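For reference, the chains in residue letters:
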Amino acid sequence: MDDDSTTRLVRLAYNLKELDISRSRWGCQITDNGLYQISLANCIGNLTSISLWGMARISDRGVVQLISRATSLQHLNIGGTFVTDESLLAIADSCPHLKSIVLWSCRHVTEIGLLNLVNKCRKLESINVWGTRVPVDCFIDLMTISPSLQIKPPVVLLNAGSAAILPVA
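Let me begin by describing the structure that accompanies this report. (Residues numbered from 1 in each chain as written. Predicted model: local features only at pLDDT ≥ 70, side-chain atom pairs only at ≥ 80, totals over all residues. Heavy atoms only, no water.)

With that out of the way, let us pick up the nonpolar core. Soluble globular proteins tend to bury their nonpolar side chains together. Residues Leu 52, Ile 91, Leu 98, Ile 101 and Leu 117 are the most contacted members of the largest nonpolar core, which totals 46 residues. At the level of secondary structure, the elements contributing two or more residues to this core comprise α2 (32-39), α3 (60-67), α4 (85-94), α5 (111-120) and α6 (137-145). Element by element, the count of residues in this core is highest for α5, at four residues. (Core = buried A, V, L, I, M, F, W, Y, C linked by side-chain atoms within 4.5 Å. Buried < 20%, exposed > 50% of the residue type's maximum accessible area, 1.4 Å probe, protein only. Helix = DSSP H or I, 4+ residues; strand = E, 2+ residues; numbered from the N terminus.)

What follows is the structure, given as structure tokens:
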């Protein structure tokens, strides 16, 4: 499935609520141009779930374009992509209903992007940060902002006296 065929399908799905065009689905090879075309579909504003997992040919440019119109989004999987804080800032600004996000192995996101996301997405319940390169102190800050936030992989309080936490495999 390429940009054009995926776009045609999405544009015809007027009542679409969930969009999974991850790498493992139908051999999808979506690019930023495809995400832009998809962002113009009528159903985008009604989507509650989007998965772009493992889409190595997309960047912030395409993700920002798509997310800026997906204002009903509750669940987002952009794990295994090369997105940066630019995408996280767009998500924070455009997705007030976001409940879960997968950032598995998004090695270009930073503590700044994560903090902004958790600060602005007040309904966020779960965040998967496995394989990111954020410092361990960031987890403490995220939990301070949102104490009920489930950080995956799970974190464990190892030393209550110094409030040190480390991810558990």
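Let us keep going from here.
As a packed pair, helix α1 (residues 3-12) and α2 sit with axes 9 Å apart at the nearest point and diverge in direction by 15°. Here α1 is positioned roughly parallel relative to α2, judged by the angle of their axes. Both α1 and α2 take part in a crossing whose hand is right-handed. Listed contacts from α2 to Asp 3, Asp 4, Thr 6, Thr 7, Val 10 and Arg 11 of α1 are Asn 33, Gly 34, Gln 37 and Ile 38. For the contact of α1 with α2, a count of residues per class yields two nonpolar, five polar and three charged. (Axes fitted to C-alpha atoms, helices over the stretch in contact; angles between N-to-C directions. Parallel < 35°, antiparallel > 145°, perpendicular 65-115°, else oblique. Left-handed = near helix turned anticlockwise from the far one by under 90°. Contact = heavy atoms within 4.5 Å. Nonpolar A, V, L, I, M, F, W, Y, C, P; charged D, E, K, R; others polar.)

Next up on the list: the pattern of salt bridges. Enumeration over the complete set of coordinates arrives at two salt bridges. Residue Asp 32 pairs with Arg 61 through a salt bridge whose shortest N-O separation is 3.9 Å. Separated by 29 residues along the polypeptide, Asp 32 in helix α2 and Arg 61 in helix α3 bring together distant segments of the chain. By relative accessible area, which is 9% here, Asp 32 ends up buried. Residue classification places Arg 61 among the exposed positions, given a relative accessible area of 61%. Across the pair Lys 120 and Asp 93 runs a salt bridge whose closest N-O atoms are separated by 2.6 Å. In this pair, Lys 120 is assigned in helix α5 and Asp 93 in helix α4, connecting sequence segments 27 residues apart. A relative accessible area of 54% means that Asp 93 is categorised as exposed. (Salt bridge = Lys/Arg side-chain N within 4 Å of Asp/Glu carboxyl O.)

What follows covers the packing of aromatic side chains. Per the stated rule, a full pass over the model turns up one aromatic pair. Note on Trp 53 and Trp 104: the rings are 6.2 Å apart at their centroids and 35° apart in plane angle, and the pair reads as tilted. You can see Trp 53 sitting in the loop between β2 (49-51) and α3 and its partner Trp 104 sitting in the loop between β4 (100-102) and α5, a full 51 residues away along the chain. (Phe/Tyr/Trp six-rings, centres within 6.5 Å; stacked < 30°, edge-to-face > 60°.)

What follows is about unusual backbone geometry. Cis geometry is adopted by the peptide bond preceding Pro 153, which originates at Lys 152 and carries an omega value of 5°. Mapped onto the elements, Pro 153 comes out in the loop between β6 (150-152) and β7 (155-159). For Ser 105, which is not glycine, the phi torsion reads 60° and is therefore positive. Of note, Ser 105 is situated in the loop between β4 and α5. Overall, the relative accessible area of 18% leaves Ser 105 in the buried class.

Below, the discussion takes up the sheet that holds β4. Spatial ordering of the open sheet is given by β1-β2-β3-β4-β5-β6, a layout of six strands whose pairing is parallel. A single partner strand is all that each edge strand has here, and the edge strands are β1 (18-20) and β6. Mean inter-strand twist for the sheet, computed between neighbouring axes without regard to direction, equals 5°. With three bridges joining them, strand β5 (residues 126-128) and β6 adopt parallel strand pairing. The partner of Ser 126 across the bridge, within β6, is Gln 150. (Pairing = 2+ DSSP bridges.)

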